[in-house]
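# Understanding the architecture of this molecule
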Amino acid sequence: MSDAVPEPEAQETGGEAAEAHAPEHGPAAPAPLDVPRAPTGNAEVDARLSRLADADHLTTDGHVEVYEDVHRGLRDALAALDARPGPPVPPSPYENRS
């Protein structure tokens with residue numbers, strides 16, 4: 001048994017043959033991810049999540065701007081929930097102790 005690695009076949013010396021087999025190193029074209037997004041029932045949140053589809057048409061360099069925008073909008077929507085007054089708290093039966 002031999003541990004020797006077989007030699008690769010000799011490449012053609014013609015420039016065309018070598019270029020035809022050379023891998024491309026440029027960026028790939030944008031392609032949609034087609035990730036399903038289920039509606040949440042909150043119009044503001046749904047609008048922010050639908051913005052994620054914009055990243056499908058951008059190169060990866062442009063994704064950061066979209067993701068940051070969506071994150072900012074979702075964070076603001078969540079903060080707005082904390083700012084709303086909630087229902088009044090019922091009085092405790094132990095508040096009127098002497």
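The following refers to the structure shown. (Residues numbered from 1 in each chain as written. Predicted model: local features only at pLDDT ≥ 70, side-chain atom pairs only at ≥ 80, totals over all residues. Heavy atoms only, no water.)

### Topic: the overall build of the protein chain
Of the regular secondary structure elements, the protein chain holds 3 helices and 0 strands. Of all 98 residues assigned to the protein chain, the portion counted as buried reaches 10%. In the protein chain, once contacts between residues fewer than 6 apart in sequence are set aside, the share between residues at least 24 apart is 37%. Carbon together with sulfur atoms contributes 56% to the accessible area of the protein chain, which is approximately 9,000 Å² in total. (Helix = DSSP H or I, 4+ residues; strand = E, 2+ residues; numbered from the N terminus. Buried < 20%, exposed > 50% of the residue type's maximum accessible area, 1.4 Å probe, protein only. Contact = heavy atoms within 4.5 Å. Areas by Shrake-Rupley, 256 points an atom, 1.4 Å probe, with all protein chains shown as cover.)

### Side note on the packing of helix 2 (residues 43-50) against helix 3 (residues 60-83)
Helix packing geometry: the angle between the two helix axes and the distance between the axes. It is the contact of helix 2 with helix 3, at a shortest axis distance of 9 Å, that shows an interaxial angle of 170°. In terms of their interaxial angle, helix 2 and helix 3 are classed as roughly antiparallel. Residues Glu-44, Val-45, Arg-48 and Leu-49 of helix 2 form the contact with helix 3, whose own contacting residues are Asp-69, Val-70, Gly-73, Leu-74 and Ala-77. When grouped by side-chain class, the residues that make up the contact of helix 2 with helix 3 number 5 nonpolar, 1 polar and 3 charged. (Axes fitted to C-alpha atoms, helices over the stretch in contact; angles between N-to-C directions. Parallel < 35°, antiparallel > 145°, perpendicular 65-115°, else oblique. Nonpolar A, V, L, I, M, F, W, Y, C, P; charged D, E, K, R; others polar.)

### Things to note about the pattern of salt bridges
Side-chain pairing between opposite charges can occur once the charged atoms of the two side chains come close. Applying the stated criterion across every chain yields a total of 4 salt bridges. Between Asp-69 and Arg-48 there is a salt bridge whose closest N-O contact spans 3.7 Å. Taken together, the residues span a long stretch of sequence, with Asp-69 in helix 3 and Arg-48 in helix 2 at a distance of 21 residues. A residue is classified by how much of its surface remains accessible, and Arg-48, at 29% relative accessible area, is partly exposed. A salt bridge links Arg-51 to Asp-54, with the shortest nitrogen-to-oxygen separation between them at 2.7 Å. (Salt bridge = Lys/Arg side-chain N within 4 Å of Asp/Glu carboxyl O.)

### Quick notes on helix 3
Taking 1.5 Å of rise per residue, 24 residues should cover 34 Å, and helix 3 covers 35 Å from first to last C-alpha, within 8% of that figure. Buried-residue contacts for helix 3 involve helix 2. (Expected span 1.5 Å × (residues − 1).)

### Observations regarding the side chain of His-63
By the element assignment, His-63 lies in helix 3. On the basis of relative accessibility, which here comes to 16%, the residue His-63 falls in the buried class. With residues near it in sequence (within four places) discarded, His-63 still touches Ala-55 and Leu-58.

### Side note on the side chain of Asp-69
Polar side-chain contacts of Asp-69 include one of 2.6 Å to the side chain of Arg-51. Within polar-contact distance, the side chain of Asp-69 engages the side chain of Arg-72 at 3.3 Å. Apart from the residues within four sequence positions on either side, Asp-69 is in contact with Arg-48 and Arg-51. (Polar contact = N/O pair within 3.5 Å; in protein donor to acceptor, adjacent residues only side chain to side chain.)

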